[in-house]
Amino acid sequence: MAQRPLHKREGGKWELPGGKVEPGESEQAALVREIREELLCEVTADLRIGEGTIGGVRLCAWLCSLVDGEPTRTEHIELRWLTPDAISGMDWAAADVPLLTALRDALRW
């Protein structure tokens, strides 16, 4: 998970890294691109684990595998790996809250 920059909306809250799907791009390709841009590492999007909607925006969560490099902060305050039990103890950005149950369940898989 990544802590949002203070100057952005919901600054200081935690989020699942990712971003918007561009026209003609699949969810998986968008996630791989966004992680490459935001965290300077390569992942594969392996399993779609959930979907939520907030403010008319559809959000999807994927389990990913790290295939090259290490996640590196480029804009976020902090990055963390989480255990399933730690998920509920974090101050999450509102957009990610609908995905937390699916995330917790997938990590226990």
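Residues numbered from 1 in each chain as written. Predicted model: local features only at pLDDT ≥ 70, side-chain atom pairs only at ≥ 80, totals over all residues. Heavy atoms only, no water.

(A) The arrangement of the nonpolar core in detail. Of all hydrophobic cores here, the largest spans 12 residues; its members are Met1, Trp14, Ile49, Ala61, Leu63, Ile87, Met90, Trp92, Leu99, Leu100, Leu103 and Ala106. Listing elements by their share of this core, those giving two or more residues are strand S4 (57–68) and helix H2 (100–107). (Core = buried A, V, L, I, M, F, W, Y, C linked by side-chain atoms within 4.5 Å. Buried < 20%, exposed > 50% of the residue type's maximum accessible area, 1.4 Å probe, protein only. Helix = DSSP H or I, 4+ residues; strand = E, 2+ residues; numbered from the N terminus.)

(B) Geometry of the side chain of glutamate 15. Inspection of the secondary structure assignment puts glutamate 15 in strand S2 (residues 14–15). With a relative accessible area of 12%, glutamate 15 lands in the buried category. A polar contact is formed between the side chain of glutamate 15 and the side chain of arginine 4, at a distance of 2.8 Å. If sequence neighbours within four positions are ignored, glutamate 15 has contacts with Met1, Ala2, Arg4, His76, Trp92 and Asp96. (Polar contact = N/O pair within 3.5 Å; in protein donor to acceptor, adjacent residues only side chain to side chain. Contact = heavy atoms within 4.5 Å.)

(C) Looking closely at the state of the cysteines. Tallied over the entire structure, the rule returns zero disulfides. Free of any disulfide, cysteine 41 has its nearest cysteine sulfur in cysteine 64, 9.4 Å distant. Residue class for cysteine 41 comes out buried when judged on its relative accessible area of 3%. (Disulfide = S-S within 2.5 Å.)

(D) Layout of the pairing of S4. Taken together, the 11 bridges between strand S3 (residues 42–54) and S4 define a ladder with antiparallel strand orientation. Within S4, the position partnered with glycine 50 by the bridge is alanine 61. The hairpin formed by S3 and S4 contains two residues between the paired strands, and glycine 55 there has a positive phi angle of roughly 60°. (Pairing = 2+ DSSP bridges.)

(E) The arrangement of the environment of threonine 72 in detail. Structurally, threonine 72 can be placed in the loop between S4 and H2. Using a relative accessible area of 35% as the deciding quantity, one classes threonine 72 as partly exposed. Expressed as a C-alpha distance, the spacing of threonine 72 and isoleucine 54, which sit 18 residues apart in the sequence, is 28 Å. Excluding residues within four positions of it along the chain, threonine 72 makes contact with Glu38, Leu39, Leu40 and Leu79.

Spatial relationships are all this shows, so hold off on functional conclusions.
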